[in-house]
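Here's the letter readout for the chains.
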Amino acid sequence: MDGSRGGFFIALEGIDGSGTSTQTRKLASRLLEEVGERVHETCEPSRGPIGRMIREQLSAGSAAFDGQTLALLFAADRLDHYRREIEPALRDGCVVISDRYVLSSLVYQSLECDPTWVETINSRAPWPDLCVLVDLPWETALDRVNRRLASDGGEKERYDEPDLQRRLAEGYQRARDAQRPGPIVTVDGGLGIGAVTDELFRLCTTQLAARRARADS
Ligand code: TYD
């Protein structure tokens, strides 16, 4: 990060159904309402042109790109997202919360591609100030995804399969254990929605205060 006084960049990560989208919204509201932070909520795939193309490709029904092409698209979307949206918001002093970021590529795209190559093509995207893995057993997470699909009639995506979800959960654990390619903090996603938000809020406000104290000294 560029070290600007106010900006702070948080990425929430986890397997599908772990609750990163819900927690992004809830954390953003609490940072705004309780501590008056200016917050910029975002996600990956991004809402930009490359992100929109990726989302179309991810729905299981469409003719998907092969794994390597998809990995390059995710990396391109990320760099574009960072330069176009995240970096300006940080420079402006916002807390940026991204629902998924670099770690998603390292875990998801490494299912089909060489992990070192995936790391290389993502190396220009700066690691966030705080990367949190919302950790949930893959069976529970997949159950949530299936219930959501049954109730809102959404489309099944490329990764919504039991064996893949298990391998993705293992990928996140490996990254967390190795603390690679950067520091990863874990929050227990099984605590219940409110308790997970409490924990994320505590982590963010503590780290934000420490960063600002350093910047002031
Ligand atoms: P997701 O956040 O689950 O989207 P939605 O909010 O629409 O459910 O992201 C879509 C899928 O994209 C998800 O299965 C994970 C996958 N993905 C990757 O494979 N690599 C990446 O780098 C990112 C950001 C997402």
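The structure we're discussing is the one just above.
Residues numbered from 1 in each chain as written. Predicted model: local features only at pLDDT ≥ 70, side-chain atom pairs only at ≥ 80, totals over all residues. Heavy atoms only, no water.

A. Representation of the site of the ligand within the structure. Taken together, 15 residues sit near the ligand, with Asp 16, Arg 55, Arg 78, Ser 105 and Gln 109 positioned nearest. With respect to the ligand, the side chain of Ser 105 contributes an N or O atom lying 2.7 Å from an oxygen atom. Within the side chain of Gln 109, one N or O atom sits 2.7 Å away from a nitrogen atom of the ligand. Elements with a minimum of two residues in the shell around the ligand: helix H2 (49-58), helix H3 (67-91) and helix H4 (102-108). Among the elements that line the shell around the ligand, the one with the most residues is H4, at three residues. Residue composition of the shell around the ligand, grouped by class: five nonpolar, four polar and six charged. (Near = heavy atom within 4 Å. Polar contact = N/O pair within 3.5 Å; in protein donor to acceptor, adjacent residues only side chain to side chain. Helix = DSSP H or I, 4+ residues; strand = E, 2+ residues; numbered from the N terminus. Nonpolar A, V, L, I, M, F, W, Y, C, P; charged D, E, K, R; others polar.)

B. Region of the structure containing the sheet that holds strand E4 (residues 130-135). Strand order across the open sheet formed by five strands is E2-E3-E1-E4-E5, with parallel pairing between neighbours. Of all strands in the sheet, those with a lone pairing partner are strand E2 (39-43) and strand E5 (185-188), marking the two edges. Here the average twist between neighbouring strands, direction ignored, is 25°. Pairing of E4 with E5 involves four bridges; the strand directions are parallel. By the bridge assignment for E5, Asp 135 is matched with Asp 188. Running over the sheet, helix H1 (residues 20-35) touches strand E1 (8-13), E2, strand E3 (95-99) and E4 and is turned about 165° from E3. Where H3 meets the sheet, its contacts fall on E1, E2 and E3, and the angle it forms with E2 comes to roughly 165°. (Pairing = 2+ DSSP bridges. Axes fitted to C-alpha atoms, helices over the stretch in contact; angles between N-to-C directions. Contact = heavy atoms within 4.5 Å.)

C. How the structure looks around the packing of aromatic side chains. Tallied over the entire structure, the rule returns three aromatic pairs. Measuring from centroid to centroid gives 6.2 Å for Phe 9 and Tyr 82, while their planes differ by 45°, and the two rings are tilted. Here the residue Phe 9 occupies a position in strand E1, and Tyr 82 occupies one in helix H3, the gap between them amounting to 73 residues. On the basis of relative accessible area, Phe 9 is assigned to the buried category, the value being 0%. Taking the centre distance of 6.4 Å and the plane angle of 80° together, the rings of Tyr 108 and Tyr 172 count as edge-to-face. Of this pair, Tyr 108 sits in helix H4 while Tyr 172 is found in helix H7 (residues 162-178), placing the two residues 64 residues apart along the sequence. Residue classification places Tyr 108 among the buried positions, given a relative accessible area of 5%. An aromatic cluster is present here, built from Phe 9, Tyr 82 and Tyr 101 joined pairwise through their rings. Above the face of the Phe 201 ring, Arg 30 is positioned so that its terminal group lies 4.3 Å from the ring centre. For Arg 78, the ring lying beneath its charged end belongs to Tyr 101, and the centroid distance is 5.8 Å. (Phe/Tyr/Trp six-rings, centres within 6.5 Å; stacked < 30°, edge-to-face > 60°. Buried < 20%, exposed > 50% of the residue type's maximum accessible area, 1.4 Å probe, protein only. Lys NZ or Arg CZ within 6 Å of the ring centre and 35° of its normal.)

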